[in-house]
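Chain residues, written in single-letter form:
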Amino acid sequence: MTRSRSYSPASDALSCDILIAGGGIVGLWVARLAQEAGLKAVLLDRDRIGSGASGGLLGALMPHMPERWNPKKQFQLDALISLETRIAEIETETGLSCGYRRCGRLLPLAKPHHAGLAAERHAEAELRWGGVPSGYAWRLHPKFNVDNWPGADAMPHGVVLETLSARVNPRLYMTAMKAGLGERVTFLETEALDGFDDATGMATTSVGRTIRTGHAVLSAGHASFDVLGEIVRRPARTFGSAIKGQAALLETDIDPDWPLVFQDGTYVVPHDNGLVAVGSTSERQFDAPFDTDEKLDAVISRAVALCPLLAGAPVLERWANLRPKAVKRDPMIGFAPGHRHLIVATGGFKITFGIAHEMARCAVDLALGGSGAAIPESFRVEHHLN
Ligand SMILES: Cc1cc2nc3c(=O)[nH]c(=O)nc-3n(C[C@H](O)[C@H](O)[C@H](O)COP(=O)(O)OP(=O)(O)OC[C@H]3O[C@@H](n4cnc5c(N)ncnc54)[C@H](O)[C@@H]3O)c2cc1C
């Protein structure tokens, strides 16, 4: 494979078909799909590729609950299904593992009414997830305790085993995505998008460079809201905010094939080589975005209570970062207000890893002159601003 370019002095005059601001998982997918469409791309990151929320530990790919079905849930379902093939392509192409596995998910039922709810969800999942032929099911097991995973005390009313969920190793996935980009993509790291003139297609960057582009895609995670606010002169909070999350990586001898476990916002995600990621906090108010604290200790304690096999496991890493949450919670995709060449693709919040490739497809479709018909109504910029 031909290699992508990674350095260009600020004095170079650059031009491209598509400028991508932000090298998280969304930006890398925009770059990949732009490359597949034959476009010349520049991928800018104000820090390093993968230094934002996408450089984390958890990588849970979990579907929304199957009841109250809507276009957003369908979008995510289609994305979760297609991601398996897309990741296999990237792994074959690069020879690098993304640490992906369709591991399924266990949801321990703590309260009596959870069992009735689980039965209703079983029926909804049959209806929405493709039924028996798909192999994706939501099954209630009144008595289930395989290998003490999770512990019996966590599920006095049984457990749901759901077979659609998967997991990916975020850092391996990011590395493979970057390695899969060829010479049509130029990387500029430690350089931020500062401004964009829609009339001329000229982008300005933090090192004083101007880049002429057909379209720009803002995939700068939570910082997208600030950049967008600056460009369209509205408060950033009109568009969205940053929600801090903390997670940890434990060293265990847990079988990497085991399903991930989820209860009340606590995730326990087995990865390869006995590593288990646990998370996460969800903090609107914070002083130190990238520091971990006692709130993470509490998450680890909840994870151990849920899965006692984790007790005493050494903590290899503690990590914190900021998730992008658009103002109405759903992802935000579409043209920036008053713009025809600046496209926003952010706000994946807690589900970005499962849908980034489809968010990117929508953004690239707009850049190629498409109608954006695949963008669910609730993802559209206008919807968020109404
Ligand atoms: C603790 C925690 C656990 C999580 N667990 C999961 C999970 O299990 N499953 C899941 O799907 N999601 C999870 N998430 C959420 C997920 O990590 C994020 O939603 C996702 O990584 C966001 O990707 P992104 O590409 O939109 O943004 P980021 O990954 O944040 O990337 C944005 C990039 O833009 C760059 N940038 C910023 N400003 C500029 C600028 N002006 N110009 C150029 N570049 C710029 C940044 O340096 C950064 O590299 C978790 C998040 C956290 C914090």
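Details of the structure are given in the entry above.
First, a word on what this report is: a plain description of the structure on this page. (Residues numbered from 1 in each chain as written. Predicted model: local features only at pLDDT ≥ 70, side-chain atom pairs only at ≥ 80, totals over all residues. Heavy atoms only, no water.)

Glancing now at the overall build of the protein chain. Secondary structure summary: the protein chain contains nine helices and 18 strands in total. In terms of overall size, the protein chain behaves like a compact globule, its C-alpha atoms giving a radius of gyration of 21 Å where 386 residues would be expected to give roughly 21 Å. Projected onto the principal axes, the alpha-carbon positions of the protein chain cover approximately 65 × 40 × 40 Å. For the protein chain, long-range pairs separated by at least 24 residues make up 74% of all intrachain contacts whose partners lie at least 6 apart in sequence. Between the mean site of the 40 positive side-chain charges and the mean site of the 43 negative ones, the protein chain shows a separation of 4 Å. (Helix = DSSP H or I, 4+ residues; strand = E, 2+ residues; numbered from the N terminus. Rg over C-alpha atoms; globule rule 2.2 N^0.38 Å. Contact = heavy atoms within 4.5 Å. Lys, Arg positive; Asp, Glu negative; His and termini not counted. Charge placed at Lys NZ, Arg CZ, Asp CG, Glu CD.)

Here A223 lies in helix α6 (residues 223–232). On the basis of relative accessibility, which here comes to 7%, the residue A223 falls in the buried class. Separated by 99 residues in sequence, A223 and L322 place their C-alpha atoms 9.4 Å apart. (Buried < 20%, exposed > 50% of the residue type's maximum accessible area, 1.4 Å probe, protein only.)

Moving on to the sheet that holds strand β15 (residues 275–279). Backbone-to-backbone hydrogen bonds join strands into a sheet, with any given pair of strands oriented parallel or antiparallel. Judged by pairing direction, the sheet is mixed, and its eight strands sit side by side in the order β5-β6-β4-β13-β14-β15-β12-β16 without closing on themselves. Both outer strands of the open sheet, β5 (138–141) and β16 (315–326), are each paired with one neighbouring strand and no more. Recorded for the sheet is a direction-independent mean angle of 20° between the axes of neighbouring strands. Here strand β13 (residues 260–263) runs beside strand β14 (residues 266–270); their pairing, made up of three bridges, is antiparallel. Its bridge partner lying in β14, F262 is registered against Y267. (Pairing = 2+ DSSP bridges. Axes fitted to C-alpha atoms, helices over the stretch in contact; angles between N-to-C directions.)

For helix α3 (residues 112–128), spanning 17 residues, the distance from its first C-alpha to its last is 25 Å, which sits close to the expected 24 Å at 1.5 Å a residue. Restricting attention to buried positions, one finds in α3 the residues A118, R121 and A125. Down the axis of α3, the smallest arc covering the buried residues is 65°, so these residues share one side. Along α3, exposed side chains directed more than 90 degrees from the buried face belong to P112, H113, E120 and L127. Where the residues of α3 are buried, they touch β5 and β6 (159–162). Count one or two residues on from α3 and you reach G130, which has phi positive near 100°. (Expected span 1.5 Å × (residues − 1). Arc of directions from axis to C-beta.)

As enumerated under the stated definition, the model contains five aromatic pairs in all. With a centroid separation of 6.1 Å and an interplanar angle of 70°, the aromatic rings of W129 and W138 are classed as edge-to-face. Here W129 falls in the buried class, since its relative accessible area comes to 2%. An angle of 45° between the planes, with centres 5.4 Å apart, marks the rings of W149 and W258 as tilted. Here W149 is found in the loop between β5 and β6, whereas its partner W258 is found in the loop between β12 (240–251) and β13, with 109 residues between them in sequence. Judged on exposure class, the residue W149 and its partner W258 are both buried. Lying over the aromatic face of F187, K178 brings its terminal NZ or CZ to 5.2 Å of the ring centre. The ring of F349 has K325 lying over it, and the distance from NZ or CZ to the ring centre is 6.0 Å. (Phe/Tyr/Trp six-rings, centres within 6.5 Å; stacked < 30°, edge-to-face > 60°. Lys NZ or Arg CZ within 6 Å of the ring centre and 35° of its normal.)

Another point: the packing of helix α2 (residues 71–94) against helix α8 (residues 352–367). It is at 8 Å that the axes of α2 and α8 come closest, and there the two elements cross at 100°. For the element pair α2 / α8, the angle class is roughly perpendicular. Where α2 approaches α8, its residues F75, Q76, A79, L80, S82, L83 and R86 are matched on the opposing element by F353, G354, I355, H357, E358, M359, R361 and C362. Of the residues in the contact of α2 with α8, the class split is eight nonpolar, four polar and three charged. (Parallel < 35°, antiparallel > 145°, perpendicular 65-115°, else oblique. Nonpolar A, V, L, I, M, F, W, Y, C, P; charged D, E, K, R; others polar.)

Moving on: the site of the ligand. In the vicinity of the ligand, 38 residues are found, and the nearest of them are D45, S54, A60, F349 and T352. Between the ligand and the protein, one listed contact pairs a nitrogen atom with a backbone N or O atom of G22 at 3.5 Å. Contact distances for the ligand include 2.9 Å between an oxygen atom and a backbone N or O atom of F353. In isolation the ligand offers 1000 Å² of accessible surface; the protein chains occlude 97% of this area. (Near = heavy atom within 4 Å. Polar contact = N/O pair within 3.5 Å; in protein donor to acceptor, adjacent residues only side chain to side chain. Areas by Shrake-Rupley, 256 points an atom, 1.4 Å probe, with all protein chains shown as cover.)

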